[in-house]
Every structure is written in structure tokens, then in C-alpha cells.
Amino acid sequence: MPVNTTLADFSNGLLLSTLILYALAMLCYASDFAFARHRVIAGTGEADAGAAAPEAAAMPELVTAGAGSGSAPASGASQAGAASLAIGGRQGSAGAGTAAVAGAAGLTSHGGPSDNAPASRWPSGFWLRLAFGLTCTGVVLHVLAILTRGLAEHRVPWGNMYEFIGAFTCMAVLVLIAASVWYRAYYMGLFVLLPVVLALGIDLTWIYTPAGALVPALQSYWIAIHVTAMIVAIGLFIFGAVVTTLYLLTDRSQRRLAAGLPSWSAGIWRHLPVPSILDRLSYRSVLFGFPVWTFGVMAGAIWADHAWGRYWGWDPKETWSFITWVVYAMFLHARATAGWRGRRAAWIHLAGFACLMFNVIGVNLWITGLHSYAGMS
Amino acid sequence: MRTALILLFLLALASVPGSVLPQEGIDPSAVTQYYQSHPSLAPILDRLSLFNVFSAPWFAAIYLLLFASLAGCVLPRTFRLVGSARQKPPRAPSNLGRLPASATYTTDLAPAAALDSAAGLLAGRRFRLHRGDGWVSAEKGYLREVGNLLFHIALLALLLSVGLGGVFGYKANRLLIVGQGFANTPTDLDVFRPGRLVSPSDLQPFSINLLSFRAEYVTSGPQLDQPITYDAAMSYRPQLGGPVKHYVLTVNHPLVVDNVSVYLIGHGYAPIFKVTDGTGKVAWDGPVPFIPVQQTTLTSEGVVKVPDAQPYQLGFAGVFLPSAAVSANGQLESVFPGPLNPRVSLVAFKGNLGMNSGEPQSVYTLDTGGLKRLPVAPRPLSAGQSVKLPEGAGTITYLGYQQWVSLAITYDPGQLPALASGIAALAGLILSFLVRRRRVFVRAVSGPDGGTQVSLGGLARSDAAGGFDAEFAELTRLLRAEHDGRSVQASRIGDGTVDGPDDFDDRERGRLAVPAALTVAAATATDQASTGESGAGEPPPPEARPAVSRTAETATPEAPAVANPETLTGREEE
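Quick summary incoming for the structure in this document. Values in this document were obtained by computation on a predicted structure and should not be read as measured data.

Focus on the pattern of salt bridges
Argument step 1. A full pass over the atoms with the stated rule returns 20 salt bridges over all chains.
Argument step 2. Here K372 of chain B ties to E391 of chain B by a salt bridge, and the two come within 2.8 Å at their closest N and O atoms. Of this pair, K372 of chain B sits in strand β19 (residues 371-373) while E391 of chain B sits in the loop between β20 (386-389) and β21 (394-411), and the two are 19 residues apart along the sequence.
Argument step 3. Between E474 of chain B and R477 of chain B there is a salt bridge, with its nearest N and O atoms 3.1 Å apart. Here E474 of chain B pairs with R477 of chain B, and both are found in helix α8 (residues 468-483), just three residues apart, close to one helical turn.
Argument step 4. When its relative accessible area of 39% is taken as the criterion, R477 of chain B is described as partly exposed.
Argument step 5. A single salt-bridge network, built from bridges that share partners, covers R149, E153, R155 and E163 of chain A.

Written as C-alpha cells, this is what we have:
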């Protein structure tokens, strides 16, 4: 069946609009950082954010936040609690006594989970609402762009590098939205959209491939299983890698402040939760992503067995998906090993993501193998 | 765990050269090419098995060590799991307020009645119970460790399955020209790689004939030249002398005969030549497979060897262009993979082909050592055209072309076990990520005012998926409602999780009442460099050590004086 070029062009237009909306959303997220004040966000990373909101107030990290910049162990726990909640779960100097009153009650009087009104899971503040709205509109257009591309081509719309990048960036934004709502991780918007916008820009300019049919090797229902799983996993891993990067940066900034050293970036990280919350959020993304990746590799093996006559043949793509799997497995083990938690584990996490990115981009561009479907030769 | 980390790292590192350097098992011609372009480096790399990474002894050493360490870890843990599943949950600690999650309230119920209803509530939620004087302990979530062990055991099974396939299976390749056939015997296969325990008589006795081959390509637009379909129609006999069956072999749809799978993995052109030698005798008449050197347009190269030619042996090196056209720079090249305008151009040699030297020769290359190039002006031949060779060497006629397909034939008895292991591994992984093992304790004592003081405490290990806090809060709420409890005195619903090894270490049984980190207390502050792997002596990482108590906790009367606030913090995480 011939390609519907009108629809394919429409899809391109949609993707470009998506890119513009994401860029605007980024600006709004940045404006939120710059202009919004005293918003109590509780980026607790709790799955049951709505129900467990009061617990969020009692999260140890919040307490750490209060003491984060080197204040001596407070003798009165309630004092520390007050300081911490005042900055609403955001990281900051202990000297941020500006709103110290606000949270004191919330912490000292939690008689039970039902006693406190749960914090809203929806964004608050003009800029944040606008940013989130733009992100959601963008992702709707993004999904439509992918759908129309698929309809134009009469096939699964992830058969080459251009389509693949379009799909996993969409997944990354969907993960961002889910994390924003479930874990109230709205602070991630700016940082996740940055790589997404860059990737989409590169995708639309240098990697663009016109709509067309699939080569025989890809004509299998396994493309819907294997590649979809990979897209979901990559979306999750992108989110995880961004969170981990932020974890390392905020952790560094906090340690510098604790040591009495200047930290030029502390003003930015003030808008983020304390490192341990970021650390947990990144861990969660791997907990989701790793089984999906495992499934994707297995589905790929089954497909390889159908198409090439062996389920595992150390094709470069297979080798690098194996390396990626091993490094993420290292991360999971490091999390349970003394002396490796925290920053070292975070570095392993980033190493795993680097392997993943090399697999997605490097192997397609520089190494010839059976997976050379990038459509860029 | 540390060993596993190092071995995993080595495994990942060792795999890298396998993807960067050409590999014998994947693309032998690329290795040959590498030898030519790096003549001094290649032998050194070869000595290090770097062209055969995945079957190199050092690679095997790494994964065997990894699996040995895995087995050494999994077996004792399995026994421990079985042991702990038979034991009752440990006694409730005396001071539940020191647990990561705790709550206290008073009720008018008698202590025994309060404990009864607590036990009922927990049993209803499928906790395992242990009751004592004034307390109830409950534990749940053994499936977490089950999943964890299942995952690791399944990985061992996966490795065994791969080994099984390698020992009892075989791989083979066969290039088949349309109109030809072959039988599944070692002599009739181009490449035959049997497993260690496969003898030639084990091969399933089927035979295959290629009836026709059809390739379709995109003929216009930006995707010009891209293939759309490959169909290879074949007839086959599953058994010697058995009935003939038919199958259209396509990519992604292998033919399965007798548990052996036959795959379509390549195709190309085989120009047909007729060579008449100097004596006027027909010394060759038939198709010769040419190998594509340019995948998009299927420009192919090949050689024709005519050892029977008299008085000299003849050899030809040729290029086949399926759709020949003159390019912008005046060269003749193929512009499309389909046979729109097939042409062959040949270079002719006479002399000694070197085929009698005893050394095996590739049918796709010409050893020009004993040959003399004949002065023939290169000319693209179309079907039916001939070249008369000078010096009375004979004539070669290009008659047309035929297509060929290359087939991969594999038999892998380890396939199904590998799939089963993979599914089991995935199931175990998901199980271990979803389930958390947690303990809940309830104590009830008569209070000074005549009421009963009920305290709850809880902790979860490796609460990867989160949510223990919510569960504990819910339990507290339900129990309090059931007891009609009033005046909550203390509640701590933080992150009821203790970081540590994947399970409760049952060596700690009896004293695990208090999470490890709590008992280790401030001693760990000076002990950060400790590298112990067990949860017990393990210092919390710096960022997991809040400097102050995590909650505004009202100390219960029997709470010991706390020397250092850290003793209260426990560890967060997971």
C-alpha cells in the first residue's frame, strides 16, 4: 500500500508543533523556578502521594532538608521539623526562616494520616500550571504525530531511527507527566524536557527519514512487542538518568554548603527536593524500567530467533543491550551493597544510561550489524 | 554482593570488544578484512581471542565465576528462606516506638481483647502471626525473596540452556540456486557447525528444493531500492523418500522441519555462463553465485573457475550489475537491485588455478598466483553475448542469470528451556520488585488510667515499590477504629523501611526486633569505611543519616535515654 504523503506531512507538522510546545513549556517551568514563591510542594516520591500526603510531611528527608546546610543536630525535633516543612520539601539553607511558621503545625500535630488535608497532586501557581498544560498539550500532539505517521505508512510507526527517537521522547514526556502527578515531581519538567527538546530537534533536522515501507526483516508483529518495550524502557531510563544527574548535582551542592564552601548552583537546586528523594525517584524509574528492558531484550531474542535463526548472536546491538542490562543490574546490586549506595550507585546508573545511549545512537551510526535499520546510510 | 558487582562490571567490559572488533562467529569476512588493513595488530588481537570474544576462555572465566558466585549466594539463601518460612515471626520488641513506623493510642478494651482483634485483623490480611504475652508479631511478604531467588536461579537455568543448545545443537548454512536442491547432510551443507556431541548421523534427514525466488523493491520515491518482500518457494521432504510438501519461505517465517528451523537470510544473483575451452569442448555450463558487494543495488562480484578447460585452466573474475546504467561520471554501475538491465563484465585469466595444491580454496576468490591475465577489453555483456578469449584459450558466453538464496539451518534443543528460564527470570524479577517483606508488631498493656495502651510498630526491608507507610497507616487506622481508640499519644509514620540486604537476615532473628541500624547506634558514625555486606554492621551512607530525629516523637515511658539522635533515625531508603 502506498504511503499517504499528505498524512505523513501532517505528522511532520504535528511533531514540529510538539517541539515548539515543549520548548515553551520549558520556558514556563524555568519561569516557575524564577518567579513562583513559597509554594509548598512535597516531592516525596511516594507512589501513594495523595493518600499518604501527611506522611510526606513526616518524611525524614524533609527533616534533613532543614539540617541540610550544616546546622547542628537540633535538640528539639519539632524545631527541625518546622524548619524543614517551611521550605516545603524543597532544599535550601537552614537560614531560610522566612516561612518557618508554616509547616510547624503540620509536623508536630499529625495524630494520624487522616488528620491532615492531603496536598494536591495537581500543579499550583500560574507558571507551573501553564508549563504543565503546555507539556500535556505537547504530548497529545506528540502522540497524534506518531499515530498519523503510522496511519500514513500503514504500519507500526517505529521502524527507523527518526520514528524511534520520536517515540521514546514521547515516552519520556509521558513518564514525566506520570511522575509529576503521582510523585508530584513537577520540578522535573524543565530538566526532562531539555534533553527531549534537543533530541526532537536533532531528530527533525538531521535524522529525518521520509515515510515509507518496512524492509522484510522488520515485517513482523514482533516489532510491536520488542520495539515498543524498548521505547517504554528508554523513556523510563531517560527520566531516571535526568533525576540521577540532578541527584548528583544537588548532593554535591549540599555537601559543599555543608562544608562551608560556596555553591553557585544552590539557587537552582533550592527548587528541588533533597537529594535522597531524587535518589529514590531515580531508583523507582529503574525498578520500572529494568523489567521492561529485560522483557524487551527477551522479546528481541525471540524475534531474532524467528528472523535470523538464533535467539542470541552477539550482534552489536544485542551486545550493547546486554551491556546496558548488566550495568543497570550493577546499579540495582550497588543499591543493596554497603558503601555503594548514593553517589557511587548514581554514577553506575549514569554509566548504564551512557551504554543505553550508545546502543541507541552509536551502534546505529557507527557499527554495522543486523540491526542497521536506522535508515540513514 | 561486592564480588557480584565486580564480576558484572568485568562481564560488561569484556563484551565491549566483541561489538567493536569484527567477530569470527558473526562476520568472518570482516575479520579477514581487518587482517589486511592491520597486518601487525591483527595477530596480536587474535592471540587474545579478540576476534572470538564470546567464546574466549577469559570471557568464559568471567561468566562462570559470576555464576559460581551466584550459585554460592542463591543456595544458602534458598535454605534460609525455607527455614524462615517454617519459623514463626520473631517476638515483638519491647519498645515499638523505636521502630521506623510506630503508633500508640489508648482504648477501653482489655489488653487481651485488643490483641485478639489485632491478630484477627492481621490474619485477615494474610500475615503470619506469632502471639505471646501481651504482644502479637506478624510477618508477610516472603514472596519477595522467592522472586529474588527465582530470578537468580532462572539465570543459572538460562546459562545451562544456552550450553545445552551449544552441545546438542548445530548450525549450518547453504547457498541454494533456484532449481537446485540439497539434503541435510554435512557434505551437502556449505557451512556446518555441529555442537560438541552432535555426530553427522544425528542430522534430521530432510531435503529441500528451491523452486523460485521473488524479490520486490520500492521502485520510486525516497525509499527507492528498498526491499519490500522476499519469497522463496520451496518443496521439501521431511523424510528420505517421504511425501513432498511445499512452503513459501519468507524472512520472519522460518520453515520448521523435524524441530530444525530453516531461515531465509540472504539472496543474490547467479549469472549463467557457458565456457568452451581451447579444444572446443564445453568445460563449464551453469550458474555461478555472485556475492552482493553493494546491498542497496546488489552489485555483485564473483569468480568462475574452469579447472577442466584445456589446454589451460581458465578463471574469470566478474561483476554483475542487475540494473546497469551509466552514471554521471561515465561509469557503468547498478542503479537498482531488481534485474532491469542485467550485465556482466569479466576479466579473464588462464594458467593454473591452484586447485590441486591440496589447500582448500574459496569458491568466491581467484588465486591469481599461477594465472596470467588475458588481454580482453572489459565489456559489459548482456544475455547471449560472448567473449572470444585470445591466445586460443576458448570462449565464454553469458547466458542469463538465476537467483539464489542463502539459508540458515539451526537445531537448538536449548531454545525452549532458554525461553522458559527467561520467562521465569522476568517473573521473579517483577515479583521481587513488587513485594516487600514487612513485620508489624502490636503490644497492649494496661495503662495507669485504667485504659489499655495499644502500640503498633512496623518495619519493611527493601521496600522497593514503596507503600509500606501507607499500609502501616491503614492498619493503624483500621485497628484504632476497631478498638474505638482515643487520644493518640505518639505516632511515627515515616518511611518504615530499613535498608539492607534483600531479606531479613535470619541470623538476626530474635534481635531483629529493632532494625539493625538502630542497634548499631552511633558506633557506626566512626565506622563509615566499614565494608561489611550484611545488614547488621552496615553503616548508613552519609546522605541517609539525617542529623536529627526524623519525627517529633513523644518518648514512651520505657524508652531508653538516647545518647545520640542518630540512634532514632534508622535508615531510610528503598
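There is more to say, and it comes next.
Notes on the nonpolar core
Argument step 1. Ranked by internal contacts, the top residues of the largest apolar core, which has 137 residues, are Y187, M188, F239, F290 and W293 of chain A.
Argument step 2. V198, L255, V260 and V376 of chain B belong to the second largest nonpolar core, which has 53 residues in total.

Focus: unusual backbone geometry
Residue and element names in this part refer to chain B.
Argument step 1. The residue after Q310, namely P311, is reached through a cis peptide bond having omega -5°.
Argument step 2. A positive phi angle, near 75°, is found at N252, a position not held by glycine.
Argument step 3. Note that N252 resides in the loop between β9 (245-249) and β10 (255-257).
Argument step 4. For N252, a relative accessible area of 5% puts it in the buried group.
Argument step 5. Despite not being glycine, N259 shows a phi value in the positive range, around 70°.
Argument step 6. As for its placement among the helices and strands, N259 is situated in the loop between β10 and β11 (260-277).

What about a nonpolar patch on the surface?
Residue and element names in this part refer to chain A.
Argument step 1. Taken together, V140, V143, L144, L147 and L174 make up a surface patch of nonpolar side chains, about 390 Å² in accessible area.
Argument step 2. With four residues, the top contributor of residues to the nonpolar patch is helix α6 (residues 126-153).
Argument step 3. Inspection of the secondary structure puts L174 in helix α7 (residues 161-182).

Let's talk about the sheet that holds strand β7 (residues 207-217) of chain B
Residues and elements named next belong to chain B.
Argument step 1. Strand order in this open sheet of four strands is β5-β7-β8-β9, and the pairing throughout is antiparallel. Among the strands making up the open sheet, the edge pair consists of β5 (181-183) and β9. On average, each strand axis in the sheet is tilted by 25° relative to the strand beside it, whichever way the strands run.
Argument step 2. For β5 and β7, the ladder comprises three bridges, and the chain directions are antiparallel. Following the sheet pairing, A183 is matched in β7 by S207.

Examining helix α8 (residues 189-205) of chain A
Each turn of an α-helix holds 3.6 residues, which means side chains three or four residues apart point in the same direction.
All names here are of chain A.
Argument step 1. Spanning 17 residues, α8 covers 24 Å between terminal C-alpha atoms, matching the ideal 24 Å at 1.5 Å per step.
Argument step 2. Along α8, the residues classified as buried are G189, L190, F191, V192, L193, V196, V197, L200, D203 and L204.
Argument step 3. In this structure, the buried residues of α8 make contact with α1 (5-35), α6, α7, α9 (222-258) and α10 (266-269).

Reading guide: rules and limits
Residues numbered from 1 in each chain as written. Chains lettered and ligands numbered in written order. Predicted model: local features only at pLDDT ≥ 70, side-chain atom pairs only at ≥ 80, totals over all residues. Heavy atoms only, no water. Salt bridge = Lys/Arg side-chain N within 4 Å of Asp/Glu carboxyl O. Helix = DSSP H or I, 4+ residues; strand = E, 2+ residues; numbered from the N terminus. Buried < 20%, exposed > 50% of the residue type's maximum accessible area, 1.4 Å probe, protein only. Core = buried A, V, L, I, M, F, W, Y, C linked by side-chain atoms within 4.5 Å. Patch = residues over 30% accessible without salt bridge, like charges linked within 9 Å, V, L, I, M, F, W, Y side chains within 5 Å. Areas by Shrake-Rupley, 256 points an atom, 1.4 Å probe, with all protein chains shown as cover. Pairing = 2+ DSSP bridges. Axes fitted to C-alpha atoms, helices over the stretch in contact; angles between N-to-C directions. Expected span 1.5 Å × (residues − 1). Contact = heavy atoms within 4.5 Å.

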